[in-house]
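One-letter residues, chain by chain:
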Amino acid sequence: QKMLEKRASRHLRQKAGPYKIPVVVHVIHNGEPEGTGTNISDSQILSQMSVLNKDFRRLNADAVNTPSVFTPVAGSMDIEFVLAKQDPEGLPSDGIVRVAGSKSGWTSSDNYELKSQSYWPSDRYLNLWVCDLVDNLVGYAQLPESTTLSGLEQSSNNALTDGVVIWYKSFGSSDDGPFSLDPNFNKGRTATHEVGHYFGLRHIWGDDSGDCNGTDYVNDTPNQANRTLGCPAHPQKSCNDITSMFQNFLDYTDDECMNLFTKGQVERMSTVIENSPRRQSLLTSPGLQAPVVVANDLGLRTVISPQPHACSTTITPQVEVRNYGNNTITSARIQISVNGSVVDVQDFNHSLLPLQLAELS
């Protein structure tokens, strides 16, 4: 029903412009200098952003390699991936966070620990974690939280793990620089594949172990018995002698063989973006806009004490403040109220001297 409604109002989407998705890249490294090993460079990250924007909009140069039998159904999605311009606290950001991880290598079973190393609210940002995956995975994604759209019934509702994890050797494209990438996954298509999952796409072969009875819930992708590995010659035949679309981003071929989403896949992803709560909220995320920095903007960052469970009749408040403004703060006043009545006013002229932009005290 949601997809039918979307088709009926497609002209409204054309007037609204592209979907804009704010992205934060969490580089979970092993302590190397920036640009070395797992601590990948900014240019490698920018390369991956370029691949995502080209692949989803069918601006990828190898789109010309799509076989003629599939070009009528090849789809272009009106979407733009943007590195976040402000962080969750409203401070200016380049959308890249670098953290020395608590482990040197990660497996899919480390999902919670990995993502707790660095996380931004998933209702406002597409979290991409880049790390050294050591269990023969090049990436994995969390499907969108459950909607009425078929194929998402088993997806997780956990906001704290929502996003995409990518092996650092399959992040970015060798077309953009001499990055240290795996030769089979060196065009940035791992992220394209996994972000497709993030927006609700399923594997093109329907995950049915060769039975030809599975589905990816998209009508214009041919029925395919199983995953395709490597980079075979076209055509390949599958269920009932149907030509396989192994060039699809949701197959398992090497990066150089992938080159298209279908119109049906684009429609499914668009439906998810417009209806799945944490995907829909990305479209109005403050992360898409550069923050407006003003003077004298001291803010309460955290209440350290009391905790919500405090039972004592006497408490000693402790708070953490941050200067969100563009000038140095030399004094501050903190007023404490209980049930609307002021119970204490504290002036500070020493412990905050000087409190500069983004410093903590």
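What counts, and at which threshold
- Residues numbered from 1 in each chain as written.
- Predicted model: local features only at pLDDT ≥ 70, side-chain atom pairs only at ≥ 80, totals over all residues.
- Heavy atoms only, no water.
- Salt bridge = Lys/Arg side-chain N within 4 Å of Asp/Glu carboxyl O.
- Helix = DSSP H or I, 4+ residues; strand = E, 2+ residues; numbered from the N terminus.
- Buried < 20%, exposed > 50% of the residue type's maximum accessible area, 1.4 Å probe, protein only.
- Disulfide = S-S within 2.5 Å.
- Contact = heavy atoms within 4.5 Å.
- 1 Å grid on protein atoms, 1.4 Å probe; cavity = no way out; pocket = protein on both sides within 12 Å on 5 of 7 lines; lining within 4 Å.
- Points joined across faces, edges and corners; volume = space filled by probe spheres on them.

## Some thoughts on the pattern of salt bridges
Pairing between side chains becomes possible if they bear opposite charge and their charged atoms approach one another.
Part 1 of the argument: Overall, the coordinates contain 14 salt bridges when judged by the stated rule.
Part 2 of the argument: Residue Arg189 is joined to Asp62 by a salt bridge in which the shortest nitrogen-to-oxygen separation is 2.9 Å. Separated by 127 residues along the polypeptide, Arg189 in helix H5 (residues 189–198) and Asp62 in the loop between helix H3 (42–56) and strand E2 (74–75) bring together distant segments of the chain.
Part 3 of the argument: You can call Arg189 buried: its relative accessible area is 5%.
Part 4 of the argument: Between Arg301 and Glu320 there is a salt bridge whose closest N-O contact spans 2.9 Å. A residue pair is termed long-range when its members are at least 10 positions apart, and Arg301 in strand E9 (residues 298–305) and Glu320 in strand E10 (residues 318–323) qualify at 19 residues.
Part 5 of the argument: Ionic contacts of the salt-bridge type, sharing partners, join the residues Glu89, Arg301, Glu320 and Arg322 into one network.

## A short note on the state of the cysteines
Part 1 of the argument: Scanning all chains against the criterion turns up two disulfides.
Part 2 of the argument: What pairs with Cys212 in a disulfide is Cys239, and their sulfur atoms sit 1.9 Å apart. A torsion of -90° about the S-S bond marks the disulfide between Cys212 and Cys239 as left-handed. You can see Cys212 sitting in the loop between H5 and strand E8 (261–262) and its partner Cys239 sitting in the loop between H5 and E8, a full 27 residues away along the chain.
Part 3 of the argument: By relative accessible area, which is 3% here, Cys239 ends up buried.
Part 4 of the argument: Across the disulfide, Cys231 is cross-linked to Cys257 (sulfur-sulfur distance 1.7 Å). Judged by the sign of its S-S torsion, about 80°, the bond between Cys231 and Cys257 is right-handed. Here Cys257 lies in the loop between H5 and E8 and Cys231 lies in the loop between H5 and E8, a separation of 26 residues in the sequence.

## Focus: the environment of Ile166
Part 1 of the argument: Of note, Ile166 is situated in strand E7 (residues 164–167).
Part 2 of the argument: We classify Ile166 as buried; its relative accessible area is 0%.
Part 3 of the argument: In this structure, Ile166 is in contact with Trp129, Val130, Cys131, Leu133, Val138, Gly139, Phe171, Thr190, Ala191 and Glu194, ignoring residues within four places of it in sequence.

## Digging into the layout of surface pockets
Part 1 of the argument: Size it by volume and the largest pocket reaches roughly 550 Å³.
Part 2 of the argument: Along the wall of the largest pocket there are 26 residues; nearest its centre are Gly139, His193, Glu194, His203 and Tyr252.
Part 3 of the argument: Counting residues per element, the lining of the largest pocket draws most heavily on H5, which supplies five residues.

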